[in-house]
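Structural features, examined
Residue-level listing of the chains:
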Amino acid sequence: GRAKGKEIWIVDEAGLLSAADAHALLKKAEIENARVLLVGDTRQLSSVGAGNPFKQLQSYGMKTAQLTQGVRQKDDTIKNSINLIANNEHKKGLEILDQSGKVFEIKNSDEIILNMAKDYLSLSQKDLKESLFISSTNHEKEEITNIVRAELKSRGELQGTIKTNSYVSLDYNEHALKSAHVYSIGDVLIPNRRSQGLKSNQVYVVQ
C-alpha cells in the first residue's frame, strides 16, 4: 500500500508527541525520504510522555508557518472576540460578547436546562443538524437530552427506540487497578492486553 513518488506525512495535534515518538517518526521519515508536516498549538495539551519536541523544534529554528486569521467564526462579533482572546486580551474579548447581547446569565439550574433545550428546539431543520449544545455537567446533559428527545418524539421527528450500553471509566490509576478492594460487584473489566490469564478486549464482570 505504499504511495508512488514523494510522500508528505501530516501529524495533527503534534504537541502530543513525546520525544521518543517524535524521534522514531523522524527517523522513519528519513529512511522513507518523506517530508513531515507537524500541525498543532504549543499552548494546548502537551505529551503525556517525556519531552516536548514540537515546542523545542520551533525554539531551535524549525521553519514554521502560523495561522493568525480565524476562519471558523462567521459572525463578526464572535470573530473579533475570539481574535482578542487568542491574543491574551481576555477581558476585552469577553466584554465584546457581553455588550453584543451574546452572553446570557441564568442562575437557576432548572431554568438553564429548560432554556438550552428551548433554544436548541427552536432551530430550523438545517440548523438543528449542524448545531450542538454543550453543558458543564453530566446531569445537565442528560436533562437537556431528555427534554429534546421528548419534544422531537412528540413532533414525530424521532421514531423508534434503540437501547445501547455505555461504559464509564472508574478512573483508577494503574497501581489501584491491581488492588482487589477497589472493585465492586457488577464492575466491568475490559483488559487492553492479555495478562494474568485474562484475554485482551474481552468483557469480564466482577461477581
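Below is a short write-up of the structure. Small disclaimer: the values here were computed from a predicted structure and weren't measured.

Some points on the packing of helix α3 (residues 76–86) against helix α4 (residues 90–99)
At a minimum axis distance of 7 Å, the contact between α3 and α4 shows a crossing angle of 165 degrees. Between α3 and α4, the angle is such that the two are roughly antiparallel. When you trace α3 past α4, the crossing you get is left-handed. Residues Thr 77, Ile 78, Asn 80, Ser 81, Leu 84 and Ile 85 of α3 touch α4, and the partners they reach there are His 90, Lys 92, Gly 93, Leu 94, Ile 96 and Leu 97. Classifying every residue of the contact of α3 with α4 by side-chain character gives six nonpolar, five polar and one charged.

A short note on the packing of aromatic side chains
Summed over the entire model, instances satisfying the criterion amount to one aromatic pair. Between Tyr 120 and Phe 133, the ring centres sit 5.4 Å apart and the planes meet at 90 degrees, which makes this aromatic pair edge-to-face. Highlighted residues: Tyr 120 in helix α5 (residues 109–121) and Phe 133 in the loop between α6 (125–130) and α7 (138–154), separated in sequence by 13 residues. Among the residues examined, Phe 133 registers a relative accessible area of 24% and is labelled partly exposed.

Digging into empty space enclosed by the protein
Following the criterion strictly, the structure yields two cavities of 30 Å³ or more and no others. Approximately 50 Å³ is the volume found for the largest cavity. Lining the largest cavity, in full, are Leu 17, Ala 22, Leu 25, Leu 26, Leu 38, Pro 53, Phe 54 and Leu 57. At the level of elements, α1 (19–32) and α2 (53–59) are the ones that each hand at least two residues to the lining of the largest cavity. Residue composition of the lining of the largest cavity, by class: eight nonpolar, no polar and no charged. The space that makes up the second largest cavity amounts to roughly 40 Å³. Lining the second largest cavity, in full, are Gly 15, Asp 41, Thr 42, Gln 44, Leu 45, Ser 46, Asn 52, Phe 54 and Lys 55. For the lining of the second largest cavity, the per-class residue count stands at two nonpolar, five polar and two charged.

Cut-offs used in this document
- Residues numbered from 1 in each chain as written.
- Predicted model: local features only at pLDDT ≥ 70, side-chain atom pairs only at ≥ 80, totals over all residues.
- Heavy atoms only, no water.
- Axes fitted to C-alpha atoms, helices over the stretch in contact; angles between N-to-C directions.
- Helix = DSSP H or I, 4+ residues; strand = E, 2+ residues; numbered from the N terminus.
- Parallel < 35°, antiparallel > 145°, perpendicular 65-115°, else oblique.
- Left-handed = near helix turned anticlockwise from the far one by under 90°.
- Contact = heavy atoms within 4.5 Å.
- Nonpolar A, V, L, I, M, F, W, Y, C, P; charged D, E, K, R; others polar.
- Phe/Tyr/Trp six-rings, centres within 6.5 Å; stacked < 30°, edge-to-face > 60°.
- Buried < 20%, exposed > 50% of the residue type's maximum accessible area, 1.4 Å probe, protein only.
- 1 Å grid on protein atoms, 1.4 Å probe; cavity = no way out; pocket = protein on both sides within 12 Å on 5 of 7 lines; lining within 4 Å.
- Points joined across faces, edges and corners; volume = space filled by probe spheres on them.

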